[in-house]
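What follows is the residue order along each chain.
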Amino acid sequence: MKPFRIPQLVYLLLLLYIIAALLFWGFSLQRQSRIIYEAELRALPLQTDSIRQPQVYAQKRALLETTRISRKKQYFGEGSTFLIIILIGAVVVYSSFRRSLRLSRQQTNFMLAVTHELKSPIAAIKLNLQTIERRKLSEEQQALMISRCITEANRLNDLCNNLLIASQLEGHQYQKAQEEVSFTDLVSDAVQDYHRRYPGRIMAQLAEDCAVTGDPLLLLMAVSNLLENAIKYSPAGSPVSVVLQCSTTEAVLEVTDEGVGVPEDEKSRIFEKFYRVGNENTRSAKGTGLGLYLTERILRQHKGRISVRNNLPRGSIFEIRLPAV
Ligand code: ADP
């Protein structure tokens, strides 16, 4: 039996018990009300003579009937209100329970992913450096190994930055800079960085003199996360296009890839913390599920927004919009 199944069962049993108890007390009250009514009805001829005072008798009988009906309505009304409140409460508790369950599963996945993400670049760097140390390599081979080390070190660096900024933003400890930033230069720097790391993959078309207000480090992180994903979730060698357009009010950046794409029902969920499409065993690309969460958060802090749509015939287009200066 999976963990959390028992609490779910206990919760369900408790809920059923409460509802059954409510119904039981409802029926008991109705029965009691009927017994009272019948007793009062039997006692009525003793109080009022139906032959001598037929009108008074009829009035009293009608009053008894009205009281019985209003008692019935009252029990039914209060019982239904109580039942509705219980059901609403049950739904709220259950959905928050499921949310925390999902978060806890995602956190476990995240821990697995982070451990893997930290260990694999370290192992790769170690292996490359050991090879350089132990073998006599040509200059070309050495350069290749060093460049692999740098790539892995960059991955480690990106991961650490994401982790650090995520925890600082959540703890409201990050002092966000609020300065005029050349978005054109910032995107161009990120593109050049990825161009060095993945030669020939990125094609950029950037509007000139596009400026926004905000924190350059955070904005660079948001843009880098999109580039990283576009490369990571598309086949090696396939193109990634980066287009920056700027109007008097808005800067619009589109990162388009020809990769696996994002299924329709996952489009909103990929911005959740630790969320990754598929499950940990079936995911081939490395990751922690933190990048888009962070990107969305950064954009919100800059009064911007992010969205994703399908690229045709395959892949996805991530679009960010920021108020232009
Ligand atoms: P990570 O890449 O570390 O898993 P992200 O938060 O950056 O975490 O992305 C969340 C998920 O969204 C990824 O696991 C992936 O399934 C999906 N995703 C993100 N970008 C793309 C993309 N360009 N193409 C296809 N799927 C993507």
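Structure shown above.
A brief look at the structure comes next. Given the structure is predicted, the values throughout are model-derived calculations rather than measurements.

## With respect to the overall build of the protein chain
Here is step 1 of the chain: Of regular secondary structure, the protein chain possesses six helices and seven strands.
Here is step 2 of the chain: When the helices and strands of the protein chain are listed from N to C terminus, the series reads α-α-α-β-α-β-β-α-β-β-α-β-β.
Here is step 3 of the chain: A compact globule built from 325 residues should have a C-alpha radius of gyration of about 20 Å, whereas the protein chain, at 34 Å, is more than 25% larger.
Here is step 4 of the chain: Judged by the C-alpha coordinates and their principal axes, the protein chain covers about 125 × 55 × 40 Å.
Here is step 5 of the chain: Counting the 325 residues in the protein chain, one finds 35% classified as buried.
Here is step 6 of the chain: Put simply, 72% of the contacts in the protein chain that link residues at least 6 apart link residues at least 24 apart.
Here is step 7 of the chain: With the model as given, the accessible surface of the protein chain reaches about 20400 Å², and the carbon-plus-sulfur share is 59%.
Here is step 8 of the chain: Seen as two clouds, the 41 positive and the 32 negative side-chain charges of the protein chain have centres 14 Å apart.

## Let's talk about the state of the cysteines
Here is step 1 of the chain: As enumerated under the stated definition, the model contains one disulfide in all.
Here is step 2 of the chain: Across a sulfur-sulfur distance of 2.3 Å, Cys210 and Cys246 are joined as a disulfide pair. The chirality of the disulfide connecting Cys210 with Cys246 is right-handed, given an S-S dihedral of about 70°. Taken together, the residues Cys210 in the loop between β2 (202-206) and β3 (211-214) and Cys246 in strand β4 (residues 240-246) connect sequence positions 36 residues apart.
Here is step 3 of the chain: You can see Cys160 has no disulfide; the closest cysteine sulfur is in Cys149, sitting 16 Å from it.

## Remarks on the packing of aromatic side chains
Here is step 1 of the chain: Enumeration over the complete set of coordinates arrives at four aromatic pairs.
Here is step 2 of the chain: With a centroid separation of 6.3 Å and 35° between ring planes, the pair formed by Tyr94 and Phe97 is classed as tilted. Of this pair, Tyr94 and Phe97 both sit in helix α2 (residues 54-134), three residues apart, which is roughly one turn of that helix.
Here is step 3 of the chain: Given the relative accessible area of 30%, Tyr94 is considered partly exposed.
Here is step 4 of the chain: Residue classification places Phe97 among the partly exposed positions, given a relative accessible area of 23%.
Here is step 5 of the chain: Here a set of aromatic residues connected by ring pairs shows up, and it is made of Tyr11, Tyr94 and Phe97.
Here is step 6 of the chain: Over the face of the ring belonging to Tyr37 we find Arg68, whose NZ or CZ atom lies 4.9 Å from the ring centre.
Here is step 7 of the chain: The ring of Tyr194 has Arg197 sitting right over it, with the charged end atom 4.7 Å from the ring centre.

## Focus: the site of the ligand
Here is step 1 of the chain: Neighbouring residues of the ligand: 20 residues in total, closest Asn229, Tyr233, Arg276, Thr288 and Leu292.
Here is step 2 of the chain: Between an oxygen atom of the ligand and a side-chain N or O atom of Tyr233, the distance comes to 2.6 Å.
Here is step 3 of the chain: Within the contact set of the ligand, a nitrogen atom lies 3.4 Å away from a side-chain nitrogen or oxygen of Ser316.
Here is step 4 of the chain: Relative to its free-state accessible area of 530 Å², the ligand is covered by the protein chains to the extent of 96%.
Here is step 5 of the chain: Taken together, the elements giving at least two residues each to the shell around the ligand come down to α5 (216-232), α6 (291-301) and β7 (316-323).
Here is step 6 of the chain: For the shell around the ligand, a count of residues per class yields 10 nonpolar, seven polar and three charged.

## With respect to a positive patch on the surface
Here is step 1 of the chain: A cluster of basic residues, Arg5, Arg98, Arg99, Arg102 and Arg105, forms a positive patch at the surface.
Here is step 2 of the chain: Here the positive patch takes four residues from α2, the largest share from any one element.
Here is step 3 of the chain: Here Arg98 shows up in helix α2.
Here is step 4 of the chain: By relative accessible area, which is 49% here, Arg98 ends up partly exposed.

## Some remarks on the nonpolar core
Here is step 1 of the chain: Core analysis: the biggest nonpolar cluster contains 33 residues, and Phe183, Val223, Leu227, Leu253 and Phe318 have the highest contact counts within it.
Here is step 2 of the chain: Residue assignment for this core shows that the elements contributing at least two residues are α4 (183-197), α5, β4, β5 (250-257), α6, β6 (305-310) and β7.
Here is step 3 of the chain: Among residues more than four places away in sequence, those in contact with Leu227 are Ala190, Val191, Tyr194, Ile202, Val242 and Val255.
Here is step 4 of the chain: Core analysis: the second largest hydrophobic core is formed by 14 residues, Leu169, Met221, Tyr293 and Leu294 among them.

## Brief notes about the pattern of salt bridges
Here is step 1 of the chain: Under the definition given, this model contains 14 salt bridges.
Here is step 2 of the chain: Note that Glu254 is salt-bridged to Arg309, the shortest N-O span being 2.8 Å. One end of the pair, Glu254, is in strand β5; the other, Arg309, is in strand β6, with 55 residues separating them in the sequence.
Here is step 3 of the chain: According to the relative accessible area criterion, Arg309 is partly exposed, its value standing at 34%.
Here is step 4 of the chain: Close ionic contact of Glu319 with Arg321 constitutes a salt bridge, the shortest N to O distance being 2.8 Å.

## Description of a negative patch on the surface
Here is step 1 of the chain: A grouping of Asp185, Asp189, Glu208 and Asp209 is seen on the molecular surface, where their side chains present a negatively charged patch.
Here is step 2 of the chain: Within the fold, Glu208 resides in the loop between β2 and β3.

## Concerning the side chain of Ser316
Here is step 1 of the chain: With respect to the element layout, Ser316 can be found in strand β7.
Here is step 2 of the chain: Those residues in contact with Ser316, other than ones at most four positions away along the chain, are Val255, Thr256, Asp257, Gly261, Val262, Val308, Arg309, Asn310 and Asn311.

The rules behind each value
- Sequence order as written defines the numbering, with residues in each chain counted from 1.
- Where local features are concerned, this predicted model is filtered to residues with pLDDT of at least 70; where side-chain atom pairs are given and counted, the filter is 80 or more; whole-chain, interface and lining totals use all residues.
- Side-chain numbers here rest on the full set of heavy atoms in the structure, without hydrogens or water.
- A run of H or I in DSSP counts as a helix once it spans at least four residues, and a run of E counts as a strand once it spans at least two, with each numbered from the N terminus.
- Each radius of gyration is computed over the set of C-alpha atoms, and the globule rule expresses the reference value as 2.2 Å times the number of residues to the power 0.38.
- Relative accessibility thresholds used throughout: buried, under 20% of the residue-type maximum; exposed, over 50%; partly exposed, between the two (1.4 Å probe, protein chains only).
- Contact criterion: two residues are considered in contact whenever any of their non-hydrogen atoms come within 4.5 Å of each other.
- Reported accessibility uses the Shrake-Rupley method at a 1.4 Å probe radius. Residues are deemed covered only where the shown protein chains occlude them.
- Asp and Glu are treated as the negative residues and Lys and Arg as the positive ones, with His and the ends of the chain left uncounted.
- Lysine's charge is taken at NZ, arginine's at CZ, aspartate's at CG and glutamate's at CD.
- Throughout, a disulfide means two cysteine sulfur atoms within 2.5 Å of one another.
- Only Phe, Tyr and Trp rings take part, Trp by its six-membered ring, and two of them pair if their centres are within 6.5 Å. Stacked means planes under 30 degrees apart, edge-to-face means over 60, and tilted covers everything else.
- Criterion for a charge above a ring: Lys NZ or Arg CZ within 6 Å of the ring centre, and within 35 degrees of the ring normal.
- For this purpose, a residue is taken to be near a molecule or strand whenever a single non-hydrogen atom of the residue falls within 4 Å of it.
- Polar contact is defined as a pair of N or O atoms within 3.5 Å, subject to the rule that within protein one atom must be able to donate a hydrogen and the other to accept it, and that residues adjacent in sequence are counted only when both atoms are side-chain atoms.
- Residue polarity is assigned by list, with Asp, Glu, Lys and Arg as charged and Ala, Val, Leu, Ile, Met, Phe, Trp, Tyr, Cys and Pro as nonpolar; anything else, Gly included, falls into the polar class.
- Only residues whose relative accessible area exceeds 30% and that take part in no salt bridge are eligible for patches, with like-charged residues grouped when within 9 Å of each other and nonpolar side chains (Val, Leu, Ile, Met, Phe, Trp, Tyr) grouped when within 5 Å.
- Counted as salt bridges are all cases of a side-chain nitrogen of Lys or Arg within 4 Å of a carboxyl oxygen of Asp or Glu.
- The nonpolar core is taken to be a set of buried Ala, Val, Leu, Ile, Met, Phe, Trp, Tyr and Cys residues, with the residues joined through side-chain atoms within 4.5 Å.

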